[in-house]
Amino acid sequence: MALFLVLLACGALLLLNGIRYIKEYDEAYLPEDSRVVEFTVARGEGYNSIGERLEQQGIIDDADIFIYKTKLKEYGPKYQAGTFYLSPSMTMEELMQSLQNAKAQTVRFTIPEGYTVLQTAESLEKQGICTAQDFLSGLEACDADYWFLQELGEGLENPQGTVSAAANRYEGFLFPDTYEIRKGASAEDVLAVMFRRFDQIFTEEMQAQMNDRALTVKEVVTMASLIERECRVDEERPRIASVIYNRLAKGMNLELDCAIQYILGNPKEGLLYSDLEIESPYNIYKHSGLTPGPIASPGLASIQAVLTPEDTGYYYYVLKSKSSTEHNFAETYDQFLVYKQEYKNSK
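The rules behind these values
Residues numbered from 1 in each chain as written. Predicted model: local features only at pLDDT ≥ 70, side-chain atom pairs only at ≥ 80, totals over all residues. Heavy atoms only, no water. Helix = DSSP H or I, 4+ residues; strand = E, 2+ residues; numbered from the N terminus. Rg over C-alpha atoms; globule rule 2.2 N^0.38 Å. Buried < 20%, exposed > 50% of the residue type's maximum accessible area, 1.4 Å probe, protein only. Contact = heavy atoms within 4.5 Å. Areas by Shrake-Rupley, 256 points an atom, 1.4 Å probe, with all protein chains shown as cover. Salt bridge = Lys/Arg side-chain N within 4 Å of Asp/Glu carboxyl O. 1 Å grid on protein atoms, 1.4 Å probe; cavity = no way out; pocket = protein on both sides within 12 Å on 5 of 7 lines; lining within 4 Å. Points joined across faces, edges and corners; volume = space filled by probe spheres on them. Nonpolar A, V, L, I, M, F, W, Y, C, P; charged D, E, K, R; others polar. Patch = residues over 30% accessible without salt bridge, like charges linked within 9 Å, V, L, I, M, F, W, Y side chains within 5 Å. Lys, Arg positive; Asp, Glu negative; His and termini not counted. Charge placed at Lys NZ, Arg CZ, Asp CG, Glu CD. Expected span 1.5 Å × (residues − 1). Pairing = 2+ DSSP bridges. Core = buried A, V, L, I, M, F, W, Y, C linked by side-chain atoms within 4.5 Å.

Undergrad: Run through the overall build of the protein, naming residues and quoting values.
TA: If you tally the helices and strands in the protein, you get 15 helices and 6 strands. The C-alpha atoms of the protein give 28 Å as radius of gyration, which overshoots the globular expectation for 347 residues (20 Å, by more than 25%). Projected onto its principal axes, the C-alpha positions of the protein cover 110 × 40 × 35 Å. Residue burial in the protein is summarised as follows: out of 347 residues, 44% are buried. For the protein, restricting intrachain contacts to residue pairs at least 6 apart in sequence, the fraction spanning at least 24 positions comes to 63%. Accessible area of the protein: about 18200 Å², with a carbon and sulfur share of 49%.

Dropping the structure here:
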């Protein structure tokens, strides 16, 4: 009996010491490893799952300690859903505190559909994410190896000469969306999340549709960028895509005003005939085919319009009125002239 009590006491002491060790454990897995790992906690995810994934991603070395320590300190209900930026150099307590404060670690930024590389850079600076110059420099030095970047070639500087060819080659591939990123993220980090989003958006099904039409991803994004800058009504995008396909098939110049606006840089309320004579590879009033590359970053609706256009006999379109965002579509040039006159006479 005495031996049993001694063993019981020893067992209790070991248990207490074990609990104290786990509760006070605050070591970093790899103190010298400063790399940052993006770690996302799903809504409703339990701390057991969080601990196991932290170990799988090399942020901690023992999920059990994380799980038991979380339970002992009653941190479980305090862990938040969101994206965290964690490091193996963080102590266990630092990791646990970080997981309780998602919003403090991240900032949001939004890039609208139809923004150019330069507009994106300037917007990021205005939103306090990074300077425009850092972003453009990051593009110039970019060596991302996503499949959709492999065919871009050397590119051309933008028509105003304000964005180098090395940076402007990525025109169209900075997917417009609202992003959440860690505070203090570099321009390279911003590029990484934007390219990753494009890769997520352009699905395998869409790649198959692209291949069925014998198009390259650059051609798809170029056509989609023209639609993005021409159209403001989603249901019209597949119809405008059909106009582009029909004109290309017939060997007609596309003659889209948005390309001239891209050349000018600062959009005009109304183009002059002299604007249509500007010598530029982007002037598709004078040159056949598509522009040399995208003129902006298209949204998903415009990309889908290219891949699934309407089947029409339209070759022309014009705004219904000066105050409208909708278009009249025409199969013949004579009908187009009628609609054009209606537009001129409108208010």
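Undergrad: I'd love a proper account of the pattern of salt bridges, names of residues and values included.
TA: Summed over all chains, the structure comprises 14 salt bridges. For Asp 234, the salt bridge identified is with Arg 237, shortest N-O distance 2.8 Å. Exposure remark for Asp 234: the relative accessible area of 47% places this residue in the partly exposed category. The salt bridge partner of Glu 326 is Lys 320, with a shortest N-O separation of 3.6 Å. Under the relative-accessibility criterion, Glu 326 is labelled partly exposed at 32%. In this structure Lys 320 comes out as partly exposed when scored by relative accessible area, which is 36%. Here the salt bridges share partners, and the residues they tie into one network are Lys 69, Lys 73 and Glu 93.

Undergrad: Residues and numbers for the layout of surface pockets, please.
TA: Size it by volume and the largest pocket reaches roughly 1500 Å³. Forming the walls of the largest pocket are 36 residues, and the residues nearest its centre are Asp 257, Leu 271, Tyr 285, Leu 319 and Tyr 343. Mapped onto the lining of the largest pocket, the elements with two or more residues apiece are α11 (217-230), α12 (237-250), α13 (257-264), β5 (316-319) and α15 (333-345). By residue number, the principal contributor to the lining of the largest pocket is α15, which donates 5 residues. Of the residues assigned to the lining of the largest pocket, the class counts are 20 nonpolar, 5 polar and 11 charged.

Undergrad: Tell me about unusual backbone geometry, residues and numbers included.
TA: Note: most residues except glycine have negative phi, and most peptide bonds are trans. Unusually for a residue other than glycine, Glu 74 sits at a positive phi of about 55 degrees. Relative to the assigned elements, Glu 74 resides in the loop between α3 (63-72) and β2 (82-86). The phi torsion at Ala 214 lies on the positive side, around 55 degrees, for a residue other than glycine. Look at Ala 214 and you get exposed, because its relative accessible area is 66%.

Undergrad: Residues and numbers for a negative patch on the surface, please.
TA: Together, Glu 52, Glu 55, Asp 61 and Asp 64 make up a region of like negative charge exposed at the surface. Position of Glu 52 among the secondary structure elements: in helix α2 (residues 47-56).

Undergrad: Help me get a handle on α11, residues and values and all.
TA: Its 14 residues place the ends of α11 20 Å apart at the C-alpha level, agreeing with the 20 Å of an ideal helix rising 1.5 Å per residue. α11 sits mainly inside the fold: 11 of its 14 residues count as buried. Looking only at α11, the buried set comprises Val 217, Val 220, Val 221, Thr 222, Met 223, Ala 224, Ser 225, Leu 226, Ile 227, Glu 228 and Glu 230.

Undergrad: Which residues make up the pairing of strand β6 (residues 327-330), and what are the values?
TA: Consecutive side chains along a regular strand alternate between the two faces of the sheet. Across the two faces of β6 the burial is the same, with His 327 and Phe 329 and Asn 328 and Ala 330 all buried. Taken together, the 4 bridges between β5 and β6 define a ladder with antiparallel strand orientation. Each residue of the ladder has a partner; that of Tyr 316, found in β6, is Ala 330.

Undergrad: How would you summarise the nonpolar core if you had to cite specific residues and measurements?
TA: Phe 135, Leu 139 and Phe 195 are the most contacted members of the largest nonpolar core, which totals 66 residues. The contact partners of Leu 139, leaving out residues within four places of it in the chain, are Val 117, Ala 166, Ala 167, Tyr 170, Leu 174, Leu 191 and Phe 195. Among the nonpolar cores identified, the runner-up in size contains 22 residues, and Tyr 25, Ile 60, Leu 86 and Leu 99 belong to it.

Undergrad: Lay out the pairing of strand β1 (residues 37-41) in plain terms, naming residues and giving numbers.
TA: Burial along β1 is one-sided: the face carrying Val 37, Phe 39 and Val 41 is buried and the face carrying Glu 38 and Thr 40 is not. Relative to β2, β1 is paired through 5 bridges, and the arrangement is antiparallel. Across the sheet, Val 37 pairs through a bridge with Leu 86, a residue of β2.

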